[in-house]
Amino acid sequence: MSTIYQHGTLELIMSGLYDGTAPLSSILNHGSSGIGTMDELDGEVTIIENSVYQTKANGVTKEITDLSLETPFTSIHSQSELYYFLQEKFLTFDSLNNISKQHQSWANLPASIQMNASFPKLKVRVAPKQIKPYPPFVDVTLKQPVFNYENVSGTLIGDFGPDLYSGIMASGWHLHFLSDDRTIGGHVLDFKASDVFGRIDLFNELNIALPTDNPDFNNHEADILNIREAIDVAER
């Protein structure tokens, strides 16, 4: 079986449940590549080759070496036996979406991407650290810092969530970036890439770990009717 592991759900983040509920050390038991955030929604997390990098709201990216620090939401995986080889001269967010649409055989499978490329243009955002009482994530995105970069090289990594799992994952691609020199990162809003080389991994098993020791989770009531619209606003 090929498994993508996820601690927490995107709906919990959308609803403002930002307390860390799992140490990074436990997350790394389930794979070597992934994306997420930190306790109190403190920035964007990118995991690559078993190393964890955090990009904070000031745009600074550093490796996290204290793996006792906790996350409210992170997905992680190892390479799957089911994968699509990716090699493109040019790639944009739109053309990546088109590749997904062309492969109907995996329309309902969770997927991940890891690709190296040069990026003539890259637009990322970074969630700023929050203080209780936490606001909903849509409100956070209204004040999030956005960074535009040109001519950087690095790795795009993230997950594809089919509509079938909306609320658990983001519908469509949820992407993070980490530069080759490990100094630039963030949640990707838009990109133009060249000399793309990588892979899209497909998973026939989605393993969700829930924060059952967290009182806010146990008392949470999900707003299912509005969650899809809220995710689209916040993630795009």
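None of the values given here were measured: they were computed from a predicted structure.

Draft legend 1. Structural context of helix α3 (residues 93-102). Restricting attention to buried positions, one finds in α3 the residues F93, L96, I99 and S100. Projected down its long axis, α3 shows its buried positions confined to an angular sector of 115 degrees, all on one face. Of the exposed residues in α3, the ones pointing more than 90 degrees away from its buried face are D94, K101 and Q102. Along its buried surface, α3 packs onto β9 (82-92), β10 (111-125), β12 (152-161), β13 (172-179) and β14 (185-202).

Draft legend 2. The arrangement of the sheet that holds strand β15 (residues 205-209) in detail. In space, the seven strands of this open sheet follow the order β6-β5-β4-β3-β8-β1-β15, with mixed pairing throughout. On the outer flanks of this sheet lie β6 (61-64) and β15, each paired with one strand and no other. Strand-to-strand twist of the sheet, defined as the mean angle between neighbouring strand axes without regard to direction, takes the value 20 degrees. When strand β3 (residues 33-37) meets strand β4 (residues 44-48), the two strands line up antiparallel, connected through four bridges. Counterpart to G34 in the pairing with β4 is I47.

What counts and how
- Residues numbered from 1 in each chain as written.
- Predicted model: local features only at pLDDT ≥ 70, side-chain atom pairs only at ≥ 80, totals over all residues.
- Heavy atoms only, no water.
- Buried < 20%, exposed > 50% of the residue type's maximum accessible area, 1.4 Å probe, protein only.
- Helix = DSSP H or I, 4+ residues; strand = E, 2+ residues; numbered from the N terminus.
- Arc of directions from axis to C-beta.
- Contact = heavy atoms within 4.5 Å.
- Pairing = 2+ DSSP bridges.
- Axes fitted to C-alpha atoms, helices over the stretch in contact; angles between N-to-C directions.

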